[in-house]
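Architecture at a glance
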Amino acid sequence: MTQFPAVKPLIEVLSGRRQPMPPLWMMRQAGRYLPEYREVRTKAGGFLDLCFTPEFAAEVTLQPIRRFNFDAAIIFSDILVVPYALGREVRFEVGEGPRLDPLDTPEKVGTLASLGDFTKLEPVFEALRRVRHELDSRIALIGFCGAPWTVATYMVAGQGTPDQAPARMMAYRYPEAFAKIIDVLVENSVQYLLGQLKAGADVLQIFDTWAGVLPPREFQRWSVEPTKRIVEGVRRQVPDAKIIGFPRGAGALLPGYVEATGVDAVSIDWTAEPSLIRSRVQNRVALQGNLDPLVLIAGGAALERAIDDVLANYAGGRLIFNLGHGIQPETPIAHVEQMVKRVRAFAC
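These figures come from a predicted structure and were not determined experimentally.

1. Things to note about the pattern of salt bridges
For the structure on display, the rule yields 18 salt bridges. The salt bridge involving Glu 93 is made with Arg 91; its shortest N-O contact spans 3.0 Å. Arg 91 gets classed as partly exposed once you look at its relative accessible area, which sits at 35%. Residues Asp 264 and Arg 235 are paired through a salt bridge, measuring 2.6 Å at the closest nitrogen-oxygen approach. Of the two residues, Asp 264 is situated in the loop between α12 (254–261) and β7 (265–267) and Arg 235 in helix α11 (residues 216–237); the sequence distance between them amounts to 29 residues. Through salt bridges with shared partners, a single network forms among Glu 122, Glu 126, Arg 129 and Arg 130.

Following this line, the structure appears as structure tokens:
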């Protein structure tokens, strides 16, 4: 008997085929809101130890799939593993977030390696292979990287800041030095994403968390163009690679981002204006989003209204139901269950 490959609803949407029940997953779905995650995190010790121990990283990737049977698993890792492969110091301070050795002058940028040591990222690839082996064939596996602009903001400042002003200032004052950081990140992100596809990822997502702080001209130069180059670089090797872009906060600049980058889908945050998105974005690519993570904490009738709004606004076209950003640690598991039940009850 001929065996047909299992249909993955998320891949169907990315391939141009709207699903009556939108596929569903959550950004940061493997995380601190789950008690089983917290147990593994304690065993692992440091955050990077968790990322770079394949057994642990695979386990926490699979935990939300076991609980909620989402339509996609996203590998547990971090956007700052590429700077780590480039030889930069990367550490995570409890309660304070990432810390790096800052590249805050042109002279320091001159010390940046051009090529990463990808043997340092072999644990990520091994975790992907383990998840792929255990994952139900109908569930998509997502690999990811940070967009060059967002990763560069941390590399320049050495940490996150409220509006990433250090990177913005460097890009204005020393555009050639800043462009070197971007160029290095583009090339190494391409190689990292190709490695994830080879290890079993079905889909790639490019997280540009800080895109929304850029004015239009700089958005084009530092967010759109580098993302376009990554998409093109990946597809030179894997022409049918499925790629989701997430330029958080891009707002009215989203149509231009979609047209220029060539992504198969774009993820939107909860502030997106529905009529603009439907008429100028969802008519071109699949849409992912865009439930406010805070309403998932609130639960109850407010959560049901918000879910219904997302479905009413976007489920008439190609939609991957998701949050507008990552799930918060204090989110009650019962509210995630409420969301899954309501989305899965929808079909038209």
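From this point, things continue past the structure.
2. Comments concerning the sheet that holds strand β5 (residues 203–208)
Pairing is parallel in the open sheet, where seven strands are placed in the order β1-β4-β5-β6-β7-β8-β9. The open sheet has two free edges, formed respectively by β1 (72–74) and β9 (319–323), since each of these has just one partner strand. With direction set aside, neighbouring strand axes in the sheet form an average angle of 25 degrees.

3. Considerations on the packing of helix α15 (residues 300–314) against helix α16 (residues 333–344)
Two numbers describe how α15 lies on α16: the axes approach to 10 Å, and their chain directions differ by 40 degrees. It follows that α15 is oblique to α16 by the angle criterion. Where α15 crosses over α16, the handedness of that crossing is right-handed. Side by side, α15 and α16 meet where Gly 300, Leu 303, Glu 304, Ile 307 and Asp 308 of the first sit next to His 335, Gln 338, Met 339, Arg 342 and Val 343 of the second.

4. Notes on α15
Helix length check: α15 (15 residues) gives 22 Å between terminal C-alpha atoms against 21 Å at 1.5 Å per residue, within 8%. Considered for burial, the residues of α15 that qualify are Leu 303, Ala 306, Ile 307, Val 310, Leu 311 and Tyr 314. Angularly, the buried residues of α15 cover 135 degrees about the axis, an arc narrow enough to put them on a single face. Opposite the buried face of α15, at more than 90 degrees from it, the exposed residues are Arg 305 and Ala 312.

5. A few points about the pairing of strand β3 (residues 97–100)
Two elements, strand β2 (residues 90–93) and β3, share four bridges in a ladder whose sense is antiparallel. Across the sheet, residue Glu 93 finds its bridge partner in β3, namely Gly 97. The antiparallel hairpin formed by β2 and β3 contains three residues in its connecting segment, where Gly 95 sits at a positive phi of about 80 degrees.

6. Let's talk about unusual backbone geometry
Residue Asn 290 follows Gly 289 across a cis peptide bond; omega there is -10 degrees. Structurally, Asn 290 is set in strand β8 (residues 286–291). Of note in the backbone geometry, Gln 164 takes a positive phi value of approximately 55 degrees without being a glycine. Its place among the elements puts Gln 164 in the loop between α8 (148–157) and α9 (165–173). On the accessibility criterion, Gln 164 (1% relative accessible area) is buried.

7. Some remarks on the nonpolar core
Counting 132 residues, the largest nonpolar core has Phe 178, Ile 181, Val 234, Leu 291, Val 336 and Met 339 as the members making the most contacts within it. Ignoring any residue separated from it by four or fewer positions in sequence, one finds Ile 181 in contact with Leu 103, Val 109, Leu 112, Ala 152, Met 155, Val 156 and Met 170.

8. As for the environment of Gln 338
Relative to the assigned elements, Gln 338 resides in helix α16. The spacing of Gln 338 and Glu 304 is 34 residues in sequence and 8.2 Å in space, taken between C-alpha atoms. Here Gln 338 is in contact with Gly 299, Gly 300, Leu 303 and Glu 304, once residues within four sequence places are set aside.

9. Some details on the side chain of Ser 223
With respect to the helices and strands, the residue Ser 223 is situated in helix α11. For Ser 223, a relative accessible area of 1% puts it in the buried group. A polar contact of 2.6 Å, which involves the side chain of Ser 223, links it to the side chain of Asp 208. Not counting residues within four places of it along the chain, the set of residues in contact with Ser 223 comprises Asp 208, Ala 211, Leu 214, Glu 218 and Tyr 257.

Calculation rules
- Residues numbered from 1 in each chain as written.
- Predicted model: local features only at pLDDT ≥ 70, side-chain atom pairs only at ≥ 80, totals over all residues.
- Heavy atoms only, no water.
- Salt bridge = Lys/Arg side-chain N within 4 Å of Asp/Glu carboxyl O.
- Buried < 20%, exposed > 50% of the residue type's maximum accessible area, 1.4 Å probe, protein only.
- Helix = DSSP H or I, 4+ residues; strand = E, 2+ residues; numbered from the N terminus.
- Pairing = 2+ DSSP bridges.
- Axes fitted to C-alpha atoms, helices over the stretch in contact; angles between N-to-C directions.
- Parallel < 35°, antiparallel > 145°, perpendicular 65-115°, else oblique.
- Left-handed = near helix turned anticlockwise from the far one by under 90°.
- Contact = heavy atoms within 4.5 Å.
- Expected span 1.5 Å × (residues − 1).
- Arc of directions from axis to C-beta.
- Core = buried A, V, L, I, M, F, W, Y, C linked by side-chain atoms within 4.5 Å.
- Polar contact = N/O pair within 3.5 Å; in protein donor to acceptor, adjacent residues only side chain to side chain.

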